[in-house]
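A structural walkthrough
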Amino acid sequence: MKKLILFIFAATLVTTSFAQFNQGGFIVGGSSNLSGSFTTNKTKTGSNTTTNSKSSSFSISPQVSYFVIDNLSVGAGLEISTSTYKADGSSDKSTTTGLGLTPLVRYYFDNFYVQGAVRVGSSKTKNTYGSITTESTAVLGGWSLLGGYSYFLSDAISLEPQLGYSSRSQKAKGSDTKGVNSGIIIGIGIYAYLNR
């Protein structure tokens, strides 16, 4: 068992020692770059179960960056999202679509890196209550700072666990109220390193 652990450790060191982040290369991929959820809200009273609402959401966040100098890449990501909420047994429905741009910068220390990004964009929400339909738009903002590690599965493909902090905001146009969600982020990404 000790020999196996020593072998895995040595193989990891050899794999990571060949990782180079040279000027002129590209990174394509993303962390948590494809996600979706489908939920149903139910209430149970005794033996009776009532479905209250159903919701779904989908998002994709690809990104690309370029090494302007050794170990330093700059780039951007694109956030595309949609979510739907529908009350059961009625025509009440809410649908939100969002589009955001996330300029980013990443610096490597061997296979470890630090990445900072900002978020700008907008969303549109359409609410239907009976025969009344309303639409509203919102401005999206925010920032994130995270650290990660590039574990190369091959010469070009890397699996990257990440840990950091983010703050995301949304402010409806024409309103003074801004909603802010912030907290710790834990993720894993897969990236392709081109022209290494």
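Everything that follows concerns the structure shown earlier in this document.
Structural notes, computed from the coordinates. (Residues numbered from 1 in each chain as written. Predicted model: local features only at pLDDT ≥ 70, side-chain atom pairs only at ≥ 80, totals over all residues. Heavy atoms only, no water.)

Here we take up the overall build of the chain. The number of helices and strands found in the chain is one helix and 11 strands. Here the chain holds 196 residues, and 27% of them are scored as buried. Restricting the contact set of the chain to residue pairs at least 6 apart, pairs at least 24 apart contribute 57%. Accessible surface, the chain as shown: approximately 12,200 Å² in total, 61% of it carbon and sulfur. (Helix = DSSP H or I, 4+ residues; strand = E, 2+ residues; numbered from the N terminus. Buried < 20%, exposed > 50% of the residue type's maximum accessible area, 1.4 Å probe, protein only. Contact = heavy atoms within 4.5 Å. Areas by Shrake-Rupley, 256 points an atom, 1.4 Å probe, with all protein chains shown as cover.)

In this section: the nonpolar core. Counting nine residues, the largest nonpolar core consists of F21, I27, F67, Y108, Y113, L146, F152, Y191 and Y193. Leave out the neighbours within four places in its chain, and Y113 touches R106, Y107, Y108, L146, G147, G148, Y149, S150, E160, P161 and Q162. (Core = buried A, V, L, I, M, F, W, Y, C linked by side-chain atoms within 4.5 Å.)

This part is about the side chain of Q63. Secondary-structure assignment places Q63 in strand β4 (residues 63–69). Its relative accessible area of 14% is what places Q63 among the buried residues.

It is worth spelling out the packing of aromatic side chains at this point. Applying the stated rule across the entire model yields 12 aromatic pairs. Centre to centre, the rings of W143 and Y165 are 5.7 Å apart; their planes meet at 40°, and the pair counts as tilted. Placement of W143 in strand β8 (residues 132–149) and of Y165 in strand β10 (residues 157–172) is noted, with a sequence separation of 22 residues between them. On the basis of relative accessibility, which here comes to 42%, the residue W143 falls in the partly exposed class. (Phe/Tyr/Trp six-rings, centres within 6.5 Å; stacked < 30°, edge-to-face > 60°.)

Let us look at unusual backbone geometry. One non-glycine residue, N71, lies in positive phi territory at about 75°. For N71, a relative accessible area of 25% translates into the label partly exposed. With a phi close to 55°, D110 is a non-glycine residue in the positive phi region. Considering the arrangement of structural elements, one finds D110 in the loop between β6 (93–109) and β7 (112–129).

Here we come to a positive patch on the surface. On the surface, a cluster of positive charge is made up of K42, K54, K86, K93 and K126. Along the chain, K93 falls in strand β6. According to the relative accessible area criterion, K93 is partly exposed, its value standing at 37%. (Patch = residues over 30% accessible without salt bridge, like charges linked within 9 Å, V, L, I, M, F, W, Y side chains within 5 Å. Salt bridge = Lys/Arg side-chain N within 4 Å of Asp/Glu carboxyl O. Lys, Arg positive; Asp, Glu negative; His and termini not counted. Charge placed at Lys NZ, Arg CZ, Asp CG, Glu CD.)

Purely geometric numbers; function is a separate question.
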